[in-house]
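# An overview of the molecular structure
Single-letter residue listing:
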Amino acid sequence: MEGEELSGAQLIAQALRDQNIEYMFGIVGIPVTEIAIAAQAAGIKYVGMRNEQAACYAASAVGYLTGRPGVCLVVSGPGFLHALGGMANATINCWPLIVIGGSSDRNQETMGAFQEFPQVEAGRLYNKLSVRPSSLEVIPAVIEKAVRTSIYGRPGSCYIDIPGDFVNLQVNKSSVKYVECCLPPPISMAEHSAVSEAASILALSKQPLLIIGKGAAYSHAENNIRKLVDLCGLPFLPTPMAKGVVPDNHPNCVAAARSTALQHADVIILLGARLNWILHFGLPPRFRQDVKVIQIDICAEELGNNVKPAAILLGDINAVTQQGLALQKSLPMNYYTVFHHIREMIPKDCILVSEGANTMDIGRTMLPNYYPRQRLDAGTFGTMGVGLGFAIAAAMVAKDRAPGKRVICVEGDSAFGFSGMEVETICRYNLPILIIVVNNNGIYTGLDANSWKEMLKLGNPATCVPPVSLLPNSHYEEIMSAFGGKGYFVKTPEELQNALKASVTDKQTPSLINVMIDPQSERKKQEFPWLTRSNL
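Notes on the structure in this doc start here. (Residues numbered from 1 in each chain as written. Predicted model: local features only at pLDDT ≥ 70, side-chain atom pairs only at ≥ 80, totals over all residues. Heavy atoms only, no water.)

## Some remarks on the overall build of the protein
Of the regular secondary structure elements, the protein holds 21 helices and 21 strands. Relative to the compact-globule value of 24 Å for 536 residues, the protein shows a C-alpha radius of gyration of 32 Å, a clear excess of over 25%. A total of 536 residues make up the protein; the buried ones form 50% of that total. Considering only contacts in the protein between residues 6 or more positions apart, those separated by 24 or more positions represent 75%. Accessible surface, the protein as shown: approximately 25,200 Å² in total, 56% of it carbon and sulfur. Treating the 45 positive side-chain charges of the protein as one cloud and the 47 negative ones as another, the clouds have centres 7 Å apart. (Helix = DSSP H or I, 4+ residues; strand = E, 2+ residues; numbered from the N terminus. Rg over C-alpha atoms; globule rule 2.2 N^0.38 Å. Buried < 20%, exposed > 50% of the residue type's maximum accessible area, 1.4 Å probe, protein only. Contact = heavy atoms within 4.5 Å. Areas by Shrake-Rupley, 256 points an atom, 1.4 Å probe, with all protein chains shown as cover. Lys, Arg positive; Asp, Glu negative; His and termini not counted. Charge placed at Lys NZ, Arg CZ, Asp CG, Glu CD.)

Okay, here's the thing in structure tokens:
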């Protein structure tokens, strides 16, 4: 109704409810008791605490857990001062919070009023916004701005000062400047060029480390981060309040070797984490002198603190991770990506046969065995060409002594060539062997199709093509298809997952998955390279 009157307390409570505020914590007293009563009447849950500091901590935790600020309601003077710790904690933690403090009546300012204190001025050091409404009519607009400010950009605390005489003062409802609920925070994305630069740095890294901060948890980025960890096989280290974004029992979690992981990483990806005291400021001796930092943060001012980043990605953690995920899916896979998916999808009790240079060496680390006598590889003599023969023998023995046990043969493309025609033997005896060829077009490294064509322009391949190169994009899977088995040619993690699922599920048909990876993909640099002296 046009003539309806509202008290200041009712106006404050309704404005908070209009901004989808659900929880209020505090200690009532002069002059804010009526605000708590009005808040309950408006449907806001009020929790009466015993200390303003604890109330402020509680309200800020609601902001972190829900993404919408909780409210801390305090009385003037000492009550306000006791809440400063909670305000500072919320702002430093980047958690949204609204503090509403009663203050002296306006007509008693500078007169030594009860609990008089310069609260607005004092609040500016601890809050993103510290404001006193000029009239009852503008309270909804002020509250909307405070809520919006608390959740937009880097979240933090906002303080609203309410003069004591405002609480019971009446105002005509029709004269109030009502404001609709503020929109959810805008989702900002990083520049495409910055994402590409970060992906390039990551692709060239030998010992990358993903550090997950609580900003990633606040952004609800867990699904995309888990996909990124799995897709790239990234080791990760969570900061304390980021634990659980990726489960602690994930095989890539290096929390138990935190110091070693930090000291040896050549590329650090910061996901909503800060290079502050918790991470030793990103400086030696805790970090390598030449470490490259890829920093992802919603706050531009945070980018470059203490360490100059090799790449900066300004934006929402979840959105930027999605950008990186999309780009990684379009890049050629490497050994570690491939072995991650193999490890996740093959039976734990399978017999593993492996040969090749990088393929066998990396497989020893990334493909664990859980039972004895279930791994066959090049052995003491380092012999290439043993793989398919070993796999055939293992399948024959398993058929007689352990029916249903799978034989998985993981081959480099060079190693496969030594005995590839034994695929016909496998199909002739209908042995349900799964062959996975990790194909980088060469011995150790190869050439992509374009580079191969450029080489051929130089003359006779016998004099121009590097000795380590094999024919690019050879369709080894067609050998399996030619003899009646199932062949798969895969280039992406999704295609690899689908092929693995189909091959592992089908326990009757021989299969070959030809996995194309980056021709320049190599194993990580060895600390004692006595067997890898070649500079090729």
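Next, the rest of the story.
## Brief notes about the packing of aromatic side chains
Applying the stated criterion to the full structure yields five aromatic pairs. On the basis of an interplanar angle of 45° and a centroid distance of 6.3 Å, the ring pair of Phe 80 and Phe 117 is categorised as tilted. Within this pair, whereas Phe 80 is found in helix α4 (residues 78-93), its partner Phe 117 is found in the loop between β5 (97-103) and α5 (119-123), the two being separated by 37 residues in sequence. Classification of Phe 80 by relative accessible area gives buried; the value is 0%. Classification of Phe 117 as partly exposed rests on a relative accessible area of 35%. Ring centres 5.4 Å apart and planes at 65° place the aromatic pair Phe 416 and Tyr 476 in the edge-to-face group. Taken together, the positions of Phe 416 in helix α16 (residues 413-419) and Tyr 476 in the loop between α19 (461-464) and α20 (477-482) put the pair 60 residues apart, joining distant regions of the chain. As far as burial versus exposure is concerned, Phe 416 and Tyr 476 are alike and both buried. A connected cluster of aromatic rings, assembled from ring pairs, spans Tyr 64, Trp 95 and Tyr 218. Sitting over the ring of Tyr 370, Lys 348 keeps its end group 5.0 Å from the ring centre. (Phe/Tyr/Trp six-rings, centres within 6.5 Å; stacked < 30°, edge-to-face > 60°. Lys NZ or Arg CZ within 6 Å of the ring centre and 35° of its normal.)

## A word on the packing of helix α13 (residues 335-345) against helix α14 (residues 358-366)
Two numbers describe how α13 lies on α14: the axes approach to 10 Å, and their chain directions differ by 50°. As judged from the angle between their axes, α13 and α14 are oblique. Remark: the crossing between α13 and α14 carries right-handed chirality. Packed against α13, whose contacting residues are Tyr 335, Tyr 336, Phe 339, His 340 and Arg 343, the element α14 presents Asn 358, Thr 359, Ile 362, Gly 363 and Met 366 at the interface. (Axes fitted to C-alpha atoms, helices over the stretch in contact; angles between N-to-C directions. Parallel < 35°, antiparallel > 145°, perpendicular 65-115°, else oblique. Left-handed = near helix turned anticlockwise from the far one by under 90°.)

## Re the side chain of Asp 266
Take Asp 266: it is sitting in the loop between α11 (258-264) and β11 (267-271). As a buried residue without a salt bridge, Asp 266 has its nearest oppositely charged side chain in Arg 288, at a separation of 5.2 Å. A distance of 2.7 Å separates a polar atom in the side chain of Asp 266 from the backbone nitrogen of Lys 206. Beyond its immediate chain neighbours, meaning those up to four positions away, Asp 266 contacts Ser 205, Lys 206, Gln 207, Pro 208, Arg 288, Asp 290, Val 291 and Lys 292. (Salt bridge = Lys/Arg side-chain N within 4 Å of Asp/Glu carboxyl O. Polar contact = N/O pair within 3.5 Å; in protein donor to acceptor, adjacent residues only side chain to side chain.)

## Re a nonpolar patch on the surface
Judged by side-chain polarity, Trp 277, Ile 278, Phe 281 and Leu 283 come together as a nonpolar surface patch covering roughly 410 Å² of accessible area. With respect to the element layout, Phe 281 can be found in the loop between β11 and β12 (292-297). (Patch = residues over 30% accessible without salt bridge, like charges linked within 9 Å, V, L, I, M, F, W, Y side chains within 5 Å.)

## A short note on empty space enclosed by the protein
Inspection of every chain in the model, using the stated rule, returns one cavity of 30 Å³ or more. One number sums up the size of the largest cavity: a volume of about 190 Å³. Surrounding the largest cavity, 17 residues form its lining, Ala 198, Leu 202, Leu 228, Ile 296 and Gly 324 being those nearest its centre. Elements supplying a minimum of two residues to the lining of the largest cavity: α8 (192-204), β11, β12 and α12 (317-330). The biggest single contributor to the lining of the largest cavity is α12, with five residues. A breakdown of the residues in the lining of the largest cavity according to their chemical character gives 14 nonpolar, three polar and no charged. (1 Å grid on protein atoms, 1.4 Å probe; cavity = no way out; pocket = protein on both sides within 12 Å on 5 of 7 lines; lining within 4 Å. Points joined across faces, edges and corners; volume = space filled by probe spheres on them. Nonpolar A, V, L, I, M, F, W, Y, C, P; charged D, E, K, R; others polar.)

## A look at α4
Along its 16 residues, α4 runs 24 Å from first to last C-alpha, staying within 8% of the 22 Å computed at 1.5 Å per residue. Taken as a whole, α4 carries its principal kink of about 35° at Leu 84. Of the residues making up α4, those classed as buried are Gly 79, Phe 80, Ala 83, Leu 84, Gly 86, Met 87, Ala 90 and Asn 93. Elements that come into contact with the buried residues of α4 comprise α3 (52-66), β4 (70-74), β5, α5, β7 (157-163) and α9 (214-218). Where α4 terminates, the next one or two residues include Cys 94, which has phi positive at roughly 65°. (Expected span 1.5 Å × (residues − 1). Bend = angle between axes of the 7 residues up to and from the residue.)

## Brief notes about the pattern of salt bridges
Tallying each qualifying case throughout the model produces 15 salt bridges. For Asp 161, the salt bridge goes to Arg 132, with nearest N and O atoms at 3.1 Å. Separated by 29 residues along the polypeptide, Asp 161 in strand β7 and Arg 132 in the loop between β6 (129-131) and α6 (139-151) bring together distant segments of the chain. The exposure class assigned to Asp 161 is buried, which follows from its relative accessible area of 3%. Arg 364 is paired through a salt bridge with Asp 361; the nearest N and O atoms lie 3.4 Å apart. Remark: Asp 361 and Arg 364 occur in helix α14; sequence separation between them is three residues, near one turn of the helix. By sharing partners, the salt bridges in this structure join Glu 109, Arg 132 and Asp 161 into a single network.

## Remarks on the state of the cysteines
In a disulfide, the sulfur atoms of two cysteines are covalently bonded to one another. Per the counting criterion, the structure on display carries zero disulfides. Unpaired in terms of disulfides, Cys 72 finds its nearest cysteine sulfur in Cys 56, a separation of 4.1 Å. This cysteine, Cys 427, is not joined by any disulfide, and Cys 409 carries the nearest cysteine sulfur, 13 Å off. A relative accessible area of 15% means that Cys 427 is categorised as buried. (Disulfide = S-S within 2.5 Å.)

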